[in-house]
Amino acid sequence: MPEIEIRKVTGNIGAQVVGVDIAKPLDEETVAALREALNVHKALVFDDVHLDDESHQAFVRHFGDITTAHPTVPAVDGAANVLPVDSERGRANHWHTDVTFVVNPPQATTLRSITIPPYGGETLIANAAAAYRDLPEPLRLLADTLWAEHTNDYDYAVPDEDIDADKAAQRAQFTSIKYRTAHPVVRVHPLTGERGLFIGGFAQRIVGLSVGESRKILDLLQSYVTRPENVLRWRWSPNQLVIFDNRITQHYAIDNYDGLPRRLHRVTVAGDVPAGVEGKESYSIEGDASHYTKVA
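The sections below set out a description of the structure shown in this document. Quantities reported herein were computed from a predicted structural model and do not represent experimental measurements.

Comments concerning the packing of aromatic side chains
Working step 1: Counted by the stated rule, this structure contains 8 aromatic pairs.
Working step 2: A connected cluster of aromatic rings, assembled from ring pairs, spans Phe 101, Phe 174, Tyr 179 and Phe 202.
Working step 3: Stacked on the ring of Phe 198, the Lys or Arg Arg 187 has its end atom at 4.9 Å from the ring centre.

Re the sheet that holds strand β16 (residues 283-286)
Working step 1: One open sheet holds the 4 strands; their spatial order is β11-β7-β8-β16, and the pairing between them is antiparallel. Only two strands of the sheet have a single neighbouring strand rather than two, namely β11 (203-206) and β16. Direction aside, neighbouring strands of the sheet carry axes that sit 30° apart on average.
Working step 2: As paired elements, strand β7 (residues 147-151) and β11 share 3 bridges and run antiparallel to each other. Counted as the bridge partner of Glu 149 is Arg 205 from β11.

So, the nonpolar core
As a rule of thumb, nonpolar side chains are buried together in soluble globular proteins.
Working step 1: The biggest cluster of nonpolar side chains holds 26 residues, and the ones touching the most others in it are Ile 22, Leu 44, Phe 46, Phe 59, Leu 241 and Ile 243.
Working step 2: Where this core is concerned, the elements lending two or more residues are β2 (15-18), α1 (28-41), β3 (43-46), α2 (53-60), β13 (241-245) and β15 (263-269).
Working step 3: Residue contributions to this core peak at 4 residues, all from α1.
Working step 4: Non-local contacts of Phe 59, meaning those with residues more than four positions away in its chain, are made with Ile 22, Leu 26, Leu 34, Phe 46 and Leu 241.
Working step 5: If you look at the next biggest cluster of nonpolar residues, it comprises 22 residues, including Trp 95, Ala 126, Leu 135 and Ile 206.

The rules behind each value
Residues numbered from 1 in each chain as written. Predicted model: local features only at pLDDT ≥ 70, side-chain atom pairs only at ≥ 80, totals over all residues. Heavy atoms only, no water. Phe/Tyr/Trp six-rings, centres within 6.5 Å; stacked < 30°, edge-to-face > 60°. Lys NZ or Arg CZ within 6 Å of the ring centre and 35° of its normal. Pairing = 2+ DSSP bridges. Helix = DSSP H or I, 4+ residues; strand = E, 2+ residues; numbered from the N terminus. Axes fitted to C-alpha atoms, helices over the stretch in contact; angles between N-to-C directions. Core = buried A, V, L, I, M, F, W, Y, C linked by side-chain atoms within 4.5 Å. Buried < 20%, exposed > 50% of the residue type's maximum accessible area, 1.4 Å probe, protein only. Contact = heavy atoms within 4.5 Å.

As structure tokens, then:
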């Protein structure tokens, strides 16, 4: 087996992986090394990858079953498990964890660069475990007890005054099936036992609190997730793939490229049902996502 080299990118999150050709089938030892690196660094970057949609999916399957592209948004033509992350189809320039409005969100997300603008268009990825560790003890104790309702039934990227016909159609599609799920605010990672803040843009309300009270608490906790020390700012290059642990990170696609074309392809690994500090599992309130992901 070639020697795998893991190079940290920041102190708290992110590493580049050298010495693995992810276009080829990987042996169990290599997959175990990559899984361990993902557990430690939360986000891994592979340079100079030569993948198409089929080989991209084959690589992702080393980590588990893959989901279909999205519960409500159409896939790439001819590739039901690949989501086009395309600037022309809307922009996810808000902090979020992928698809947390379903009861078992993806465990990991992969993004592959297709079309990169000449400047801007970075992806921010934040370490939610470091954020939890940063909380003062009184806030940690509070967060451990809280649950939040996550939903896709609101517009997460576009102020009402900016809505035109195209954006209205995108919004209608995104919410064409309404989902609401209750998740623990502090999720225990099933592989590492780490605790992380499991919130982000789809978390709209704390169970038992008003919308106004919820917003104040969620904003306070979120400010720890997005501290610069906890964030990897990844500047895309051609032929790159990034994988991040969706169970214990958030991410944000920066809209700073003047409307130039930007396209990535996303493939996600099916996830388990989150559990909180006391072992209680998340529960669905509204919406069936069985066409998107089986419970892993």
